[in-house]
Amino acid sequence: MTDEQPRRVPAHRLTSGQREHLSLRPLWLCRTCGQPWPCGRAKLNLLAEYDGSPVSLFLYLAGCLHDAIDDLHKLNPTTTGTAADMFDRFLGWPARHTRSYQITTTDLAQTEETRP
């Protein structure tokens with residue numbers, strides 16, 4: 001018997017199975033589940049991968065948004081989606097799930113109470 005412990009993968013590192021939810025360009029669908037990318041699993045993976053780096057996550061997704069708009073518009077200009085839909089698909093969801101960008105109603109109420 002050896003005293004060696006099995007190596008543990010840090011929680012923020014993704015396993016190979018988790019990395020499979022990648023975008024299929026130019027359709028911007030998930031290669032694994034066929035849902036619009038980023039699919040639910042891709043979102044979870046991205047949150048884990050960019051944990052502690054929300055600005056980096058937003059920059060990455062902003063680049064994806066730009067590429068997706070170009071790709072989808074070239075494929076079929078009438079079905080690209082509205083600007084609001086595309087924004088929410090790529091940039092709206094991390095704002096709702098990233099603690100550093102969340103504002104609670106308690107914080108807002110405290111701010112209003114301190115105003116003269």
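These remarks concern the structure in this document. Bear in mind that the values here come from a model prediction, so they are computed numbers and not experimental data.

Residue Arg 25 is joined to Pro 26 through a cis peptide bond whose omega torsion reads 10°. Its place among the elements puts Pro 26 in the loop between strand E1 (23-24) and strand E2 (29-30). Residue Pro 38 follows Trp 37 across a cis peptide bond; omega there is 5°. Mapped onto the fold, Pro 38 is located in the loop between E2 and helix H1 (40-49). For Trp 28, which is not a glycine, the phi torsion comes out positive at approximately 55°.

The next point concerns the packing of aromatic side chains. All told, the structure shown has four aromatic pairs when counted by the stated rule. On the numbers, 5.9 Å between centres and 50° between planes, the contact of Trp 28 with Trp 37 is tilted. Taking relative accessible area as the criterion, Trp 37 reaches 3% and is therefore assigned buried. Note on Tyr 50 and Tyr 60: the rings are 5.9 Å apart at their centroids and 20° apart in plane angle, and the pair reads as stacked. Placement of the pair is Tyr 50 in the loop between H1 and helix H2 (54-75) and Tyr 60 in helix H2, with a sequence separation of 10 residues.

The rules behind the values
Residues numbered from 1 in each chain as written. Predicted model: local features only at pLDDT ≥ 70, side-chain atom pairs only at ≥ 80, totals over all residues. Heavy atoms only, no water. Helix = DSSP H or I, 4+ residues; strand = E, 2+ residues; numbered from the N terminus. Phe/Tyr/Trp six-rings, centres within 6.5 Å; stacked < 30°, edge-to-face > 60°. Buried < 20%, exposed > 50% of the residue type's maximum accessible area, 1.4 Å probe, protein only.

Coordinates in, geometry out; function isn't part of it.
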